[in-house]
Amino acid sequence: LRQLVDTANAPIFGIDVNGKVNEWNNKTAEITGFSKEEAFDKPLTSTFIVPSLRKSVQEVLDKALHGIETSNYELEFETKSKE
């Protein structure tokens, strides 16, 4: 399972109940420019999501933590290079 997640051709990331990154695959690192080590234990929304989407992303994450699913939600990462 670890190899599947790490080598997936799609970004896969996870957070703990406090919103801190606890999963960050190779594709997510490639897209954002942040390595797994740089991302781990950082708050996902305030660190890696573009400012204009932070509130809505946080709402989706809060709902998910309460078992309310949101389908097909697209988000935009803030990259290390700020591009």
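You'll find the structure just up there.
Bear in mind that the values here come from a model prediction, so they are computed numbers and not experimental data.

A. Local environment of the environment of Glu37. Structurally, Glu37 can be placed in helix 3 (residues 36-39). A sequence separation of 13 residues divides Glu37 from Trp24, and the C-alpha atoms of the two residues are 8.8 Å apart.

B. Quick look at the nonpolar core. Membership of the largest hydrophobic core is limited to ten residues, which are Val21, Trp24, Phe34, Ala39, Leu44, Phe48, Ile49, Val57, Leu61 and Phe77. Excluding anything up to four places from it in sequence, Phe77 contacts Phe13, Trp24, Thr28, Ile31, Thr32, Leu44, Phe48, Ile49 and Val50.

C. Fine view of the side chain of Glu23. The topology assignment puts Glu23 in strand 2 (residues 21-24). Residue classification places Glu23 among the buried positions, given a relative accessible area of 15%. At 2.8 Å, the side chain of Glu23 and the side chain of Arg2 are in polar contact. Setting aside residues no more than four positions away along its own chain, Glu23 makes contact with Arg2, Val5, Asp6, Ile12, Phe13, Gly14, Lys36 and Phe40.

D. Fine view of helix 5 (residues 54-65). For helix 5, with twelve residues, the first-to-last C-alpha span of 16 Å sits near the 16 Å given by 1.5 Å per residue. Turning to helix 5, its buried residues number three or more, namely Val57, Val60 and Leu61. In a view along the axis of helix 5, the buried residues occupy a sector of 95°, so they form one face of it. Looking at the buried residues of helix 5, the elements they touch are strand 1 (13-15) and helix 4 (44-48). Two residues or fewer after helix 5 comes Gly67, characterised by a positive phi angle close to 80°.

Reading the values: rules and limits
Residues numbered from 1 in each chain as written. Predicted model: local features only at pLDDT ≥ 70, side-chain atom pairs only at ≥ 80, totals over all residues. Heavy atoms only, no water. Helix = DSSP H or I, 4+ residues; strand = E, 2+ residues; numbered from the N terminus. Core = buried A, V, L, I, M, F, W, Y, C linked by side-chain atoms within 4.5 Å. Buried < 20%, exposed > 50% of the residue type's maximum accessible area, 1.4 Å probe, protein only. Contact = heavy atoms within 4.5 Å. Polar contact = N/O pair within 3.5 Å; in protein donor to acceptor, adjacent residues only side chain to side chain. Expected span 1.5 Å × (residues − 1). Arc of directions from axis to C-beta.

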